[in-house]
Amino acid sequence: MLTNTSSALRPVSRRLRWVVGVLLLFGGAIGLRAFAQNKRTAKIDTWGFQVIASYPHDPVAFTQGLVFKNNQLFEGTGKLGESSLRRVDLATGAVEKIAPLNHHYFGEGITILDNRIYQLTWQNRLGIVYDLTSFQVEKTFQFTGEGWGLTNDGKYLIMSDGSSTIRFLDPKTFTVVRRITVRGHQGKVERLNELEFVKNEIWANVWYQDTIVRISPETGEVLGWVDLSNLYPRTQRRSNEDVLNGIAYDPDSDRLLVTGKNWPHLFEIKVGPK
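This is a predicted model, so every value here is computed, not measured.

As a further point, take the confidence of the model for the chain. Any region with low pLDDT has predicted coordinates that should not be read closely. Looking at the chain, the pLDDT average stands at 89 and 84% of residues meet or exceed 70. This stretch, residues 1-12, has a pLDDT under 50; its non-local contacts, to residues over four places away or in other chains, come to zero contacts. A low-confidence stretch, residues 18-41 (pLDDT under 50), is modelled with two contacts involving residues beyond four sequence positions or located in other chains.

Across the chain, the bulk of peptide bonds are trans and the bulk of non-glycine residues have phi less than zero. With a phi close to 55 degrees, N70 is a non-glycine residue in the positive phi region. On the secondary structure map, N70 appears in the loop between β2 (63-69) and β3 (72-77). Classification of N70 as exposed rests on a relative accessible area of 54%. Located in the positive-phi region is Y208, a residue other than glycine, with phi close to 70 degrees.

This brings us to the pairing of strand β7 (residues 116-121). With respect to burial, β7 is a largely interior element, five of its six residues being buried. The sheet contact formed by strand β6 (residues 107-113) and β7 spans five bridges and is antiparallel. If you follow L113 over to β7, its bridge partner there is R116. Where β6 folds back onto β7 in an antiparallel hairpin, the turn is made up of two residues, including D114, whose phi is positive at roughly 55 degrees.

Turning our eyes to something else, we now look at the pattern of salt bridges. With the rule as written, the count across this model stands at 10 salt bridges. Where E138 meets R116, a salt bridge forms, and the shortest distance between an N and an O atom there is 2.7 Å. With a gap of 22 residues between them, E138 in strand β9 (residues 137-142) and R116 in strand β7 connect regions that are remote in the sequence. Exposure remark for E138: the relative accessible area of 38% places this residue in the partly exposed category. Classification of R116 by relative accessible area gives partly exposed; the value is 31%. The partner of D254 in a salt bridge is K199, with the nearest N and O atoms 3.4 Å apart. With a gap of 55 residues between them, D254 in the loop between β20 (244-250) and β21 (255-260) and K199 in the loop between β16 (192-198) and β17 (201-206) connect regions that are remote in the sequence. Residue D254 is classed as partly exposed on the basis of its relative accessible area, which comes to 43%. Since its relative accessible area comes to 56%, K199 is described here as exposed. Each of the salt bridges in this network shares a partner with another, and the network as a whole consists of D210, R234 and R237.

Here we take up the sheet that holds β2. Here we have four strands laid out as an open sheet, ordered β2-β3-β4-β5, and antiparallel in their pairing. Of all the strands in the sheet, the pair left with one neighbour each is β2 and β5 (95-100). Geometrically, the sheet is characterised by an average inter-axis angle of 15 degrees between neighbouring strands, direction not taken into account.

This part is about the sheet that holds β9. Overall, antiparallel pairing links the four strands, which are arranged β6-β7-β8-β9 in an open sheet. The sheet is open, and its two edges are formed by β6 and β9, each paired on a single side. Strand after strand, the sheet turns through a mean of 20 degrees between neighbouring axes, direction not considered.

Cut-offs applied
Within each chain, residues carry numbers counting from 1 in the order of the written sequence. Reporting of local features is limited, given that this is a predicted model, to residues whose pLDDT is at least 70; pairs of side-chain atoms are given and counted only at 80 or more, and all residues count toward the totals for whole chains, interfaces and linings. Derived side-chain values reflect all non-hydrogen atoms in the structure, with water molecules and hydrogen atoms excluded from consideration. Along the chain, pLDDT gives the predictor's confidence residue by residue, from 0 to 100. We call two residues in contact whenever any of their non-hydrogen atoms come within 4.5 Å of each other. Put simply, DSSP H or I for four residues or longer makes a helix, DSSP E for two residues or longer makes a strand, and each gets a number counted from the N terminus. For each residue, the accessible area found with a 1.4 Å probe, counting protein chains only, is set against the maximum for its type, and the residue is called buried under 20%, exposed over 50%, and partly exposed in between. The pairing criterion for strands is at least two bridges between them, as found by DSSP. Basic side-chain nitrogens of Lys or Arg form a salt bridge, by our definition, when they fall within 4 Å of a carboxyl oxygen of Asp or Glu. Under this scheme, a helix contributes an axis fitted over its contacting stretch, all axes are lines through C-alpha atoms, and angles between N-to-C directions fall in the 0 to 180 degree range.

Have a look at this one:
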């Protein structure tokens, strides 16, 4: 008996096209995942450093924030009963002006935006806004979680809280406008501490590590690392708490200054590929 061959093959052809389409989609998905994985696991550069100059630094200053503005150095210090906001003479390390914090407050990161100094406290969920010149308190603000590092991009306050999350705050309302999660090829980067905005990147100290992580402010992607492990040897430090913490960048002169908690020196360094 004769059969209609084209009619019999038509369902098979439809099934075959469906199977091929599924395989192509599946293969494409695998390819995209592989591409993303390769991108995440690509080698991230670790830069070294060169010391340009060394300056005296108050060895009892538990540095939590560092800013260089208008050729002046500003520093925020921590510890209960010892926290302060300071203006410091870079050449001598002498404290030129100081505003002690209430003894209930543990001072954290600072930044300067529109002629105001913003300072965080650690666990009080309180931020303080000062006049840049007089150090008079203009107002305070509340935030959730802990306060660690603080910087700005010229528009928003940028804040760390000890986790892998960085928040962007409106400097007028102090509401969170967006968040990024900092991720490298090995996953999230936690314990982000003091922050500085350097050449359109967020630079962050990582607590208990003598390294700086360079972060994309758009995506949170780790762009690279700066290894400062040989800057001030651990054998010369009085305590395990005396960690690298303090980054100040002056875009006008392209100067980078770093120090640490209770360090007797503040260093001007130049960084770049090893």
